[in-house]
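# Fold and contact review
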Amino acid sequence: MLSHRMIRLFVGLLLAALTSVSPLVAMTFTLIEPIEFPGYGPRPNHMILGSGPIVPGDTQVFEAFMARLPRTDIAEVQWGIALDSPGGSLAEGVRLGEAIRKHVVTTVVLNGHSCESACAVAFLGGSAYYATSLGVIRLLQPGGRLGYHWIAVEDDRSGTVNETLELARATNAFVRDY
């Protein structure tokens, strides 16, 4: 029979193993039915759902996904991506937004969905073809949630005020240049 000390050791080791190994959950991309959007201007007639946390490598997955689809053109095909994500990697959010813009995809947050943090940065990449040029198109349905926030620093990594401000300035410059 196991002693109380052995059980505590076993539980401690099990908890350490479970908390030190975090599964890498990434954003997934799937085709969904087109959605009617009111208003004027270009509207997507083909839709993708991008859901889940944004982690390094998601932009490559998105690029591969888009490579299998017909390209956006002004006459027939206008892609939209409905984003539903708690955020994640800021740098990957910027890269994903750049890829969304490159593929001329309108960004959308649907009723009941949320796009926060790094996702909200990727949302800024939304675009569409107009009759004479490429333009910015981002759609937020009533009941959809788009969340931006200030830089977050973990308590044990806060450092001095000057270091935190410098990190905030660098982050702001990174997003501004995007």
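Just so it is clear, the model here is predicted, and its values are computed rather than measured.

In this fold, Glu92 is placed in helix α3 (residues 90-102). Within the structure, Glu92 has its side chain in polar contact with the backbone nitrogen of Thr59 (distance 2.7 Å). With residues near it in sequence (within four places) discarded, Glu92 still touches Ile54, Val55, Pro56, Gly57, Asp58 and Thr59.

On to the sheet that holds strand β4 (residues 105-109). In space, the five strands of this open sheet follow the order β1-β2-β3-β4-β8, with mixed pairing throughout. In this open sheet, the two strands that pair with only one neighbour each are β1 (28-32) and β8 (138-140). Put simply, the sheet's adjacent strands are angled 25° from each other on average, direction ignored. Of the strand pairs in this sheet, strand β3 (residues 79-84) and β4 are connected by four bridges, and their pairing is parallel. Following the sheet pairing, Gly80 is matched in β4 by Thr106. Against the sheet, helix α2 (residues 58-67) makes contact with β1, β2 (46-51), β3 and β4, and its axis sits at roughly 30° relative to β1, the strand it touches most.

Tallying each qualifying case throughout the model produces three salt bridges. Notably, a salt bridge pairs Glu63 with Lys102, separated by 3.1 Å at the nearest N-O pair. Of this pair, Glu63 sits in helix α2 while Lys102 sits in helix α3, and the two are 39 residues apart along the sequence. According to the relative accessible area criterion, Lys102 is exposed, its value standing at 54%. We note a salt bridge from Glu92 to Arg95, for which the minimum N-O separation is 2.7 Å. Residue Glu92 and its partner Arg95 are located together in helix α3, separated by three residues, close to a single helical turn. When its relative accessible area of 3% is taken as the criterion, Glu92 is described as buried. Given the relative accessible area of 39%, Arg95 is considered partly exposed.

Quick look at the state of the cysteines now. This model, assessed by the stated rule, comprises one disulfide. A disulfide bridge connects Cys115 with Cys119, and the sulfur atoms are separated by 2.1 Å. Handedness of the Cys115-Cys119 disulfide follows from its S-S torsion of about -105°: it is left-handed.

With that settled, consider the packing of aromatic side chains. Counted under the stated rule, the structure contains two aromatic pairs. Considering the side-chain rings of Phe29 and Phe62, the 5.4 Å spacing of their centres and the 55° angle between planes classify their relative orientation as tilted. Of the two residues, Phe29 is situated in strand β1 and Phe62 in helix α2; the sequence distance between them amounts to 33 residues. Like Phe62, Phe29 is buried. Both rings, one in Phe29 and one in Phe65, keep their centres 6.3 Å apart while their planes meet at 40°; by these two values the pair is tilted. Taken as a pair, Phe29 in strand β1 and Phe65 in helix α2 lie far apart in primary sequence, 36 residues in all.

Definitions and cut-offs
Residues numbered from 1 in each chain as written. Predicted model: local features only at pLDDT ≥ 70, side-chain atom pairs only at ≥ 80, totals over all residues. Heavy atoms only, no water. Helix = DSSP H or I, 4+ residues; strand = E, 2+ residues; numbered from the N terminus. Polar contact = N/O pair within 3.5 Å; in protein donor to acceptor, adjacent residues only side chain to side chain. Contact = heavy atoms within 4.5 Å. Pairing = 2+ DSSP bridges. Axes fitted to C-alpha atoms, helices over the stretch in contact; angles between N-to-C directions. Salt bridge = Lys/Arg side-chain N within 4 Å of Asp/Glu carboxyl O. Buried < 20%, exposed > 50% of the residue type's maximum accessible area, 1.4 Å probe, protein only. Disulfide = S-S within 2.5 Å. Phe/Tyr/Trp six-rings, centres within 6.5 Å; stacked < 30°, edge-to-face > 60°.

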